[in-house]
Amino acid sequence: MNRTCTEVWQNCMDVIRDNISQQSFKTWFEPITPVKLDGKVLTIQVPSQFFYEWLEEHYITLLRKTIRKELGTEGRLEYKIIMDGSSGNGEQGEQFSVHMPTSNRSATRNASVSMPIDLNRDNAKEIPNPFIIPGLRKIKVNSQLNESYSFDTFIEGDCNRLARSAGYAVSQSPGKTAFNPLLIYSQVGLGKTHLAQAIGLDVKTNFPDKTVLYVTLDQFTNQFIDAVKNGSQNDFVHFYQMMDVLIVDDIQFLSGREKTQDVFFNIFNHLHQNGKQLVITSDKPPVEMQGIKPRLLSRFKWGLSADLQVPDLETRIAILEKKLYNDGITIPSEVVEYLAYSVTTNVRELEGALISIIAQSSLNKKAITLDLARQMIDKFVKSTTREISIDYIQKVICDYFSLPVELMVSKTRKREIVQARQLAMYFSKKLTKASLATIGLHCGNKDHATVLHACRTVTNLQETDKQFKLYVDELEKKIKL
Ligand code: ADP
Ligand code: MG
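Conventions we followed
- Residues numbered from 1 in each chain as written.
- Chains lettered and ligands numbered in written order.
- Predicted model: local features only at pLDDT ≥ 70, side-chain atom pairs only at ≥ 80, totals over all residues.
- Heavy atoms only, no water.
- Core = buried A, V, L, I, M, F, W, Y, C linked by side-chain atoms within 4.5 Å.
- Buried < 20%, exposed > 50% of the residue type's maximum accessible area, 1.4 Å probe, protein only.
- Helix = DSSP H or I, 4+ residues; strand = E, 2+ residues; numbered from the N terminus.
- Polar contact = N/O pair within 3.5 Å; in protein donor to acceptor, adjacent residues only side chain to side chain.
- Axes fitted to C-alpha atoms, helices over the stretch in contact; angles between N-to-C directions.
- Parallel < 35°, antiparallel > 145°, perpendicular 65-115°, else oblique.
- Left-handed = near helix turned anticlockwise from the far one by under 90°.
- Contact = heavy atoms within 4.5 Å.
- Nonpolar A, V, L, I, M, F, W, Y, C, P; charged D, E, K, R; others polar.
- Salt bridge = Lys/Arg side-chain N within 4 Å of Asp/Glu carboxyl O.
- Near = heavy atom within 4 Å.
- Domains from an automatic or database assignment.
- Phe/Tyr/Trp six-rings, centres within 6.5 Å; stacked < 30°, edge-to-face > 60°.
- Lys NZ or Arg CZ within 6 Å of the ring centre and 35° of its normal.

A. Expanded view of the nonpolar core. Formed by 32 residues in total, the largest nonpolar core has its most connected members in Leu246, Phe264 and Phe300. Of the residues forming this core, the biggest block, six residues, is contributed by helix H8 (residues 258-273). Within the second largest apolar cluster, 28 residues are counted, among which are Val396, Cys398, Ala424 and Ile439.

B. Summary view of the environment of Ala178. You can see Ala178 is positioned in the loop between helix H4 (161-172) and strand E6 (182-185). Ala178 gets classed as exposed once you look at its relative accessible area, which sits at 62%. Note: C-alpha distance between Ala178 and Ala166 (12 residues apart in sequence) is 9.5 Å.

C. Representation of the side chain of Arg299 within the structure. Considering the arrangement of structural elements, one finds Arg299 in helix H9 (residues 294-300). Within the structure, the side chain of Arg299 is placed 3.1 Å from the backbone oxygen of Arg295, a separation counted as a polar contact.

D. A look at the packing of helix H10 (residues 313-327) against helix H11 (residues 333-342). Contact geometry of H10 with H11 gives a least axis separation of 9 Å together with a crossing angle of 130°. Put simply, H10 runs oblique to H11. Judged by the twist between their axes, the crossing of H10 over H11 is right-handed. Residues Leu313, Arg316, Ile317, Leu320, Glu321 and Leu324 of H10 pack against Val336, Glu337, Leu339, Ala340 and Tyr341 of H11. Partitioned by chemical class, the residues of the contact of H10 with H11 number eight nonpolar, no polar and three charged.

E. Broad picture of the packing of H4 against helix H5 (residues 192-206). Orientation of H4 relative to H5, taken along the N-to-C sense of each, is 25°, at an axis distance of 8 Å. One element, H4, and the other, H5, form an angle in the roughly parallel class. Read as a crossing pair, H4 and H5 show a hand that is right-handed. Residues Ala163, Arg164, Gly167, Tyr168, Val170, Ser171 and Gln172 of H4 form the contact with H5, whose own contacting residues are Leu195, Ile199, Asp202, Val203 and Asn206. Of the residues belonging to the contact of H4 with H5, the class tally is six nonpolar, four polar and two charged.

F. Focus on the pattern of salt bridges. A complete count under the given rule lists 17 salt bridges for this structure. The residue Asp283 makes a salt bridge to Lys284 at a minimum N-O spacing of 3.0 Å. Measuring nitrogen to oxygen at the nearest pair gives 3.7 Å for the salt bridge that ties Asp327 to Lys323. Of this pair, Asp327 and Lys323 are both found in helix H10, four residues apart, which corresponds to roughly one turn of the helix. Residues joined in a network through salt bridges with shared partners are Glu156, Asp158, Arg161 and Arg164.

G. View of the site of ligand 1. Inspection of the region around ligand 1 gives 18 residues, with Ile155, Gly189, Thr193, His194 and Glu351 positioned closest. The separation between an oxygen atom of ligand 1 and a polar main-chain atom of Gly189 is 2.7 Å. Where the shell around ligand 1 is concerned, the elements lending two or more residues are H5 and helix H12 (347-363). Class assignment of the residues belonging to the shell around ligand 1 gives a composition of seven nonpolar, eight polar and three charged. A domain-level breakdown of the shell around ligand 1 finds at least three residues from each of domain 2 (151-307) and domain 3 (313-382).

H. Examining the packing of aromatic side chains more closely. Following the criterion strictly, the structure yields 18 aromatic pairs and no others. Relative to Tyr471, the ring of Phe401 lies with its centre 5.9 Å away and its plane at 85°, an arrangement referred to as edge-to-face. With Phe401 in helix H14 (residues 390-401) and Tyr471 in helix H18 (residues 466-480), the pair connects residues that are 70 residues apart, well separated along the chain. Using a relative accessible area of 29% as the deciding quantity, one classes Phe401 as partly exposed. On the basis of relative accessibility, which here comes to 32%, the residue Tyr471 falls in the partly exposed class. Ring pairs connect the aromatic residues Phe220, Phe224, Phe236, Phe239, Tyr240, Phe264, Phe268, Phe300 and Trp302, which therefore count as one cluster. Of note, Lys210 hangs over the ring of Phe207, and the distance from its end group to the ring centre comes to 5.4 Å. Here the guanidinium or amino end of Arg295 rests over the ring plane of Phe265, the centre of that ring lying 3.8 Å away.

This is the structure we're talking about:
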């Protein structure tokens, strides 16, 4: 029976489809085309080196099983990888095939490169590094960049001027500025990912031959864990060492992950020594990072650490207007201003509020008015961020005992007032992030020992006095409301 490669591959695909998620199937298997069937050897074509590496890392077992099922134990798989035109001599679309015998690696054909996709991997002893390809150093990597996070859509303001211009400089001459690594840090939702991606996109535009990769630290870690499991650590390291620009997002998650730190350290050193660019982001500056080894931390400080601050009102308005312009939507400027005025701390929430309003108006077929915006913001701001403050706790307690709130900070030592003050300290400790010293300062200028004493007193009293405990429980509910 003579089957074509298409039929054989089709059968494989049917099995594979049933065994992995739809998304993975779409991403990793639909782009594959079968090219030929030569006896027991099926050749498939994959779009890039990265693609091949991914299949090898994640789907080798499944591929092995399906190929064997289709072609018997002698079955073999060969890959043909499409190279992009970055091999230096401008040859576009050069192809070369990769030869993967089942057991021992046999002769390599003329221009082809021997790769270790070994269907008998369990028995394979020595796996040569698949990422170093003599004479074909440049590979096509899926850079994982999102086109919408460009410099063009990143609004400049006082809040981000340094980080933005450093990022821009880096994208003009990656690896050649003093900003290596460039570390961008800020609280969440202020544009770290956007700016880091903008750098990557710009490098790709300016230098199409450079290999750029954006990864989150979580992706990096998971790939590393997989590599350890599969014994392909060297391949992992070499893959990363081939980047011209490596962007690692949310580096703070390195904290406490010693093995990942070590491997990242090696990659970092290699890239840095070879004049390659590193861009990293974090939710805090290096001095505040914890759980990261000093030798790595000191390297983070080699280049430039630039922060992103909360944007001011004008910048917030500009961000909203740019977004509306890009989406081709117009809404009254008073609404834009109202939004920018109301949502102050986080650009992501600002955008979220805008999207909610647009969605509301189109769902209910209502015009976008200031009123609608007010209603939305009321809901939105309440449901997302209401931080409990010491002042608020004092107010609730004073209301509860019908005491004027000024007494909280007075010197009076009347019993019920002392107790109200102690409760305020207790709840401030329990429900806010304020330090003992700050709490003391706000509750009648007491020192931290007094606050500590107050907390203990309230805790002890609850254990001995049922009525008191009822008060405390009721108060806590009111404060959290
Ligand atoms: P982070 O990584 O710091 O948590 P992101 O980069 O994900 O923040 O930004 C959150 C959202 O805010 C994104 O949609 C981003 O496009 C937008 N954003 C942040 N800063 C700006 C800015 N200066 N100009 C335009 N959009 C911004
Ligand atoms: Mg981010």
